[in-house]
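Observations on the three-dimensional arrangement
So the chains spell out like this:
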Amino acid sequence: MSEFLSATGNNHGNATNLQEFTDATEAVAHIKNIYDENIEKVKSRFAAFEAGDKTTPASPAFYPYLGLTIEASDINLSGKRAYGNIDAAGTFGTTLTQPALFESYYKEQIDLILHNHKRPVYVGVGARPMPLPFVIEAASSGVSADDMQALQSIFSMPELANINDTIANGTYVPIENKPRPLSLFTAERVDYSLLRLSHYTGTAPDHFQRFVLFTNYQRYVDEFIEYGKSQIATGDEYRAFVEPGNVITHNTALTDNPPVGQAPNHLPQMPAYHLVRDKHMGITLVNIGVGPSNAKTITDHIAVLRPHCWLMIGHCGGLRRTQRLGDFVLAHAYVREDHVLDEDIHPSVPLPAIAEIQVALTDAVARAADPATEGAGLKEHFRTGTVYTTDDRDWELRHKELAIRFNQSRAIAVDMESATIAANGFRFRVPYGTLLCVSDKPIHGEIKLPGMANKFYENRTAKHLQIGIDTLRHLRIGGVESLHSRKLRSFDEPAFR
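Let us look at the structure shown here.

Parameters at a glance
Residues numbered from 1 in each chain as written. Predicted model: local features only at pLDDT ≥ 70, side-chain atom pairs only at ≥ 80, totals over all residues. Heavy atoms only, no water. Salt bridge = Lys/Arg side-chain N within 4 Å of Asp/Glu carboxyl O. Helix = DSSP H or I, 4+ residues; strand = E, 2+ residues; numbered from the N terminus. Buried < 20%, exposed > 50% of the residue type's maximum accessible area, 1.4 Å probe, protein only. Contact = heavy atoms within 4.5 Å. Axes fitted to C-alpha atoms, helices over the stretch in contact; angles between N-to-C directions. Parallel < 35°, antiparallel > 145°, perpendicular 65-115°, else oblique. Left-handed = near helix turned anticlockwise from the far one by under 90°. Nonpolar A, V, L, I, M, F, W, Y, C, P; charged D, E, K, R; others polar.

Evaluated as defined, the whole model comprises 28 salt bridges. The shortest N-O distance in the salt bridge between Asp-74 and Arg-119 comes to 2.6 Å. Taken together, the residues span a long stretch of sequence, with Asp-74 in the loop between β3 (62-70) and β4 (90-95) and Arg-119 in the loop between α2 (103-117) and β5 (121-129) at a distance of 45 residues. A salt bridge links Glu-493 to Arg-489; the shortest N-O distance between them is 3.7 Å. As far as burial versus exposure is concerned, Glu-493 and Arg-489 are alike and both buried. It is possible to trace a salt-bridge network through shared partners that takes in Asp-165, Arg-189, Lys-296, Asp-300, Asp-344 and Arg-427.

Right under this line is the structure:
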């Protein structure tokens, strides 16, 4: 049963045609209807533009809006989950996008709000217009300078002033008579990242899974491709394997769909590969390359997909004499000398280790170990401690200065990505972890050389990747609810995970 709510004086901003819902499935269906209707307005008017109509104004198209009002008596402080709960009275709302992609996520979040607060949610037409490039990515390609001016006068274009991370960064200032945030990301911020994901990874956002591995070396990608294709050929756990260019190899044991897609002539900047399960519960691997800039870029955009966790599995320089090439390093803490996130999350903010992920990684290392190295012997090739992340690829040339910092921080490894990925995980409330493999020991004279590296790669890369995959698999089987710890959420949080 639903009813319409007047937009006048309801504190839902300028949202219109607000309709009440007490069922999450019905609410999401209405969100989808609104989205589809408004998308069609943009597409129809653009088709007319391409056919020659360069003057007729476009019918306004807006994102769907979701909101609710909580009274003091509705506050439920005994919720079992770290999300899905509002702890203050007021009106809350957000714009939404791509309901087909986020259907299961939206249903879960709305259902939790309905259950925890016993209040209806309202779905309607929001006040934020849909920018043309977010509806038709190639709309401006091949358009002349004169036509571009006409295009911009007819259609809404992205406004960077409304695409930001103030909510996630904790710097959002509430506006009087406007709803407070219900989600970390507005619809425009999500659409912006979805387009960037396609650009950087060469695969559509639809293929991304909610368990993510990041690596910084191609050999991990080669191993993942081999593993993924073998799973599709002989197993029944995954429905498909997806590669850049949206090349899809279906599991013929589960579907009759033929292979589709065409590999690109050149790989994108950060190619992604996906082992697909229902409800996006499979595994995505992204080769982010080397450096904190790439690490920030990719996590900025994957965060809008609300993954259950992401792990860094890559190489590092060992800083202890007792370490050997091929030893594993589990990060319990990070020194953030990457600097790329200093304006978003201050370097003084601690990054807590996520206990469930730390335990899962440790258990996976133990399962992968040779039986002869169990117990105390395992520690000879597996160390836990602080990882020092730098933005200087040639940090070795500052050995005298950095050796002091390594000693003061008690760091056991140095790399260029791990702290960035952990910091953005903390910032965007995505559980994170790091398991590195020692590829060289520069301060102890073992500088990485081609011959030495090849031998190392052959012996350790496959095992390292399998540990990462095994960790994610056990986290999924064990249940994802426990991953989303309250230590990732502040005292003034949007309800959506």
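Our next topic: the environment of Ala-272. Summarising the element assignment, Ala-272 is placed in strand β10 (residues 272-276). Taking the relative accessible area as the measure of exposure, Ala-272 reaches 0% and is therefore buried. For Ala-272 and Phe-208, which are 64 residues apart along the polypeptide, the C-alpha to C-alpha distance reads 8.4 Å. Contact partners of Ala-272, with chain neighbours within four places excluded, come to Thr-201, Thr-203, Phe-208, Val-242, Glu-243, Pro-244, Leu-285 and Val-286.

Our focus in this paragraph is the packing of helix α8 (residues 292-302) against helix α11 (residues 418-427). In contact at an axis separation of 9 Å, α8 and α11 are set at 25° when each is read in the N-to-C sense. When the axes of α8 and α11 are compared, the pair comes out roughly parallel. As α8 packs across α11, the resulting crossing turns out to be right-handed. Facing Pro-292, Ala-295, Lys-296, Thr-299 and Asp-300 of α8, the residues of α11 in contact are Thr-420, Ile-421, Asn-424 and Arg-427. Tallied by class, residues from the contact of α8 with α11 come to three nonpolar, three polar and three charged.

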